[in-house]
Amino acid sequence: METLHFFATNPDLFLIVVAFFSLFIGSFLNVVIYRLPRMMDQNWSEECRIYLGLKPHTETEKLSLYLPFSHCPHCKKMIRPWHNIPVLSYLWLRGKCAYCKASISIRYPMVELLTCVMSVYVAWKFGFTWQTVAALLFTWIGICLTFIDLDYHLLPDQLTLLLLWLGLFFSLFGTFTDTHEAIIGGMTGYLIFAITQMMFGMVTKKTGMGQGDFKFLAALGAFLGWQSLPLIILLASISGIIISVIHMIIKWNFKSVPIPFGPYLAIAGWIALLWGNEIMQHYLALI
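Residues numbered from 1 in each chain as written. Predicted model: local features only at pLDDT ≥ 70, side-chain atom pairs only at ≥ 80, totals over all residues. Heavy atoms only, no water.

This paragraph deals with the pattern of salt bridges. The full count for this structure, using the stated rule, is three salt bridges. A salt bridge links Lys215 to Asp157, with the shortest nitrogen-to-oxygen separation between them at 2.8 Å. Here Asp157 lies in helix H6 (residues 157–171) and Lys215 lies in helix H8 (residues 211–224), a separation of 58 residues in the sequence. Judged by relative accessible area, Lys215 falls into the buried class, the value being 18%. Residue Asp157 is classed as partly exposed on the basis of its relative accessible area, which comes to 32%. (Salt bridge = Lys/Arg side-chain N within 4 Å of Asp/Glu carboxyl O. Helix = DSSP H or I, 4+ residues; strand = E, 2+ residues; numbered from the N terminus. Buried < 20%, exposed > 50% of the residue type's maximum accessible area, 1.4 Å probe, protein only.)

A few words now on the nonpolar core. Counting residues in hydrophobic clusters, the biggest one holds 51 residues, and the most contacted among them are Leu163, Phe216, Leu220, Phe223, Ile232 and Leu265. Those elements that place two or more of their residues in this core are helix H2 (11–51), helix H4 (107–126), helix H5 (130–152), H6, helix H7 (179–204), H8, helix H9 (229–251) and helix H10 (262–286). By residue number, the principal contributor to this core is H5, which donates eleven residues. Not counting the four nearest positions on each side in its chain, Leu220 is found in contact with Phe138, Leu163, Gly225, Ser228, Ile232, Leu265 and Gly269. (Core = buried A, V, L, I, M, F, W, Y, C linked by side-chain atoms within 4.5 Å. Contact = heavy atoms within 4.5 Å.)

The subject of this paragraph is the layout of surface pockets. A probe matching the size of a water molecule, rolled over the atoms, marks out where space remains unfilled. If you add up the space inside the largest pocket, you get close to 940 Å³. Only H2, helix H3 (88–92) and H4 provide two or more residues apiece to the lining of the largest pocket. Of all the elements, H2 adds the most residues to the lining of the largest pocket, at eight residues. Of the residues belonging to the lining of the largest pocket, the class tally is 20 nonpolar, eleven polar and six charged. (1 Å grid on protein atoms, 1.4 Å probe; cavity = no way out; pocket = protein on both sides within 12 Å on 5 of 7 lines; lining within 4 Å. Points joined across faces, edges and corners; volume = space filled by probe spheres on them. Nonpolar A, V, L, I, M, F, W, Y, C, P; charged D, E, K, R; others polar.)

A word on a nonpolar patch on the surface. Nonpolar side chains collect at one region of the surface, where Phe20, Phe21, Phe24, Trp82, Ile85, Leu88, Leu91 and Trp92 lie side by side and expose about 940 Å² of accessible area between them. Contributions of two or more residues to the nonpolar patch are made by H2 and H3. Residue placement: Ile85 occurs in the loop between H2 and H3. On the basis of relative accessibility, which here comes to 37%, the residue Ile85 falls in the partly exposed class. (Patch = residues over 30% accessible without salt bridge, like charges linked within 9 Å, V, L, I, M, F, W, Y side chains within 5 Å. Areas by Shrake-Rupley, 256 points an atom, 1.4 Å probe, with all protein chains shown as cover.)

Another aspect to go through is the packing of H6 against H8. In the contact formed by H6 and H8, the axes pass within 7 Å of each other and the chain directions differ by 20 degrees. The orientation of H6 with respect to H8, classified from their angle, is roughly parallel. The hand of the H6/H8 crossing is left-handed. Contact residues: Asp157, Thr160, Leu161, Leu163, Leu164, Leu166, Gly167, Leu168 and Phe170 in H6; Gly212, Lys215, Phe216, Ala218, Ala219, Leu220, Ala222 and Phe223 in H8. Taken together, the residues of the contact of H6 with H8 sort by class into twelve nonpolar, three polar and two charged. (Axes fitted to C-alpha atoms, helices over the stretch in contact; angles between N-to-C directions. Parallel < 35°, antiparallel > 145°, perpendicular 65-115°, else oblique. Left-handed = near helix turned anticlockwise from the far one by under 90°.)

What follows covers the packing of aromatic side chains. Counting across every chain of the model gives 16 aromatic pairs. Each ring, one from Tyr121 and one from Trp124, has its centre 5.4 Å from the other, and the planes form 45 degrees; the classification is tilted. A residue pair is termed a helical-turn pair when its members lie 3 or 4 positions apart in one helix, as Tyr121 and Trp124 do in helix H4 at three residues. We classify Tyr121 as partly exposed; its relative accessible area is 29%. Both rings, one in Phe261 and one in Tyr264, keep their centres 6.2 Å apart while their planes meet at 55 degrees; by these two values the pair is tilted. For the pair shown, Phe261 and Tyr264 are each scored as buried. Looking at Arg38, its charged tip hangs above the ring of Tyr34, at a distance of 3.8 Å from the centre. (Phe/Tyr/Trp six-rings, centres within 6.5 Å; stacked < 30°, edge-to-face > 60°. Lys NZ or Arg CZ within 6 Å of the ring centre and 35° of its normal.)

Let's shift gears to H6. The terminal C-alpha atoms of H6 lie 21 Å apart, and with 15 residues this matches the ideal 21 Å at 1.5 Å per residue to within 8%. Turning to H6, the residues buried within the fold contact H2, H5, H7 and H8. (Expected span 1.5 Å × (residues − 1).)

Axis angle and axis distance: for two packed helices, these are the angle between their axes and the distance between the axes, and together they describe the pair. As a packed pair, H4 and H5 sit with axes 9 Å apart at the nearest point and diverge in direction by 150 degrees. Our classification of the angle between H4 and H5 gives roughly antiparallel. As H4 runs across H5, the sense of the crossing is right-handed. Residues Arg107, Val111, Leu114, Thr115, Met118, Ser119, Val122, Ala123 and Phe126 of H4 touch H5, and the partners they reach there are Gln131, Thr132, Ala135, Leu136, Thr139, Trp140, Ile143, Phe147 and Asp151. Along the lines of polarity and charge, the residues of the contact of H4 with H5 split into eleven nonpolar, five polar and two charged.

Given below as structure tokens:
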């Protein structure tokens, strides 16, 4: 209790602690982003082999979030703890493997820094409260979903449903919304995209949106309440259109290409989490 009181009365120190630990959380998020889709692919492959009556793979090492230990994908040497310090190790090694000198993607320290900056802002915004705990979990899951969807056009159930259940859990304590509004938000969020996709499919005979987007919006609705859904959809649509147009102009490619919508939902959801009430108040004041 004394420790909790100490952090509550020393907000600057609280932010420093959040910054420190969020860098290591960012390092773990890199593991989730890299391994979770591969773990899912392994599981799907094994399920298909079982269904077809084939023998399971025995030569392929089973992936998990903690095994095998982190290693260089090029030379396969295990990464030592002092080579795995968030951001600092990347700078010290100059972005290269300590053994084979192969380049390390700049995205690893970028995810760590992004996690740190977003986490510190969340902690500053909500202070030493349970809202900070909930908002940090929301932020970290959103970061994972964003980068996985960018890489694979995939929003794993392991993350979207986790966010959904967390939203319902925190609603029991009125963290961001009450349980009644959270349940309606989850149902409405799913149905909005499901019905939209059904109508789009009937007209065009094409798939315009994956079911992962349905579940992600349902999770956002459960976390923030049904009232947040119009703002989230509006912000996600606007940001998606702007970024897509910029991308097409830069690439000079105006053909129809699939665009992951998860990152825009994550951005819109985070904005709604932090400033949704203020945005709605300004909007209502204007009308």
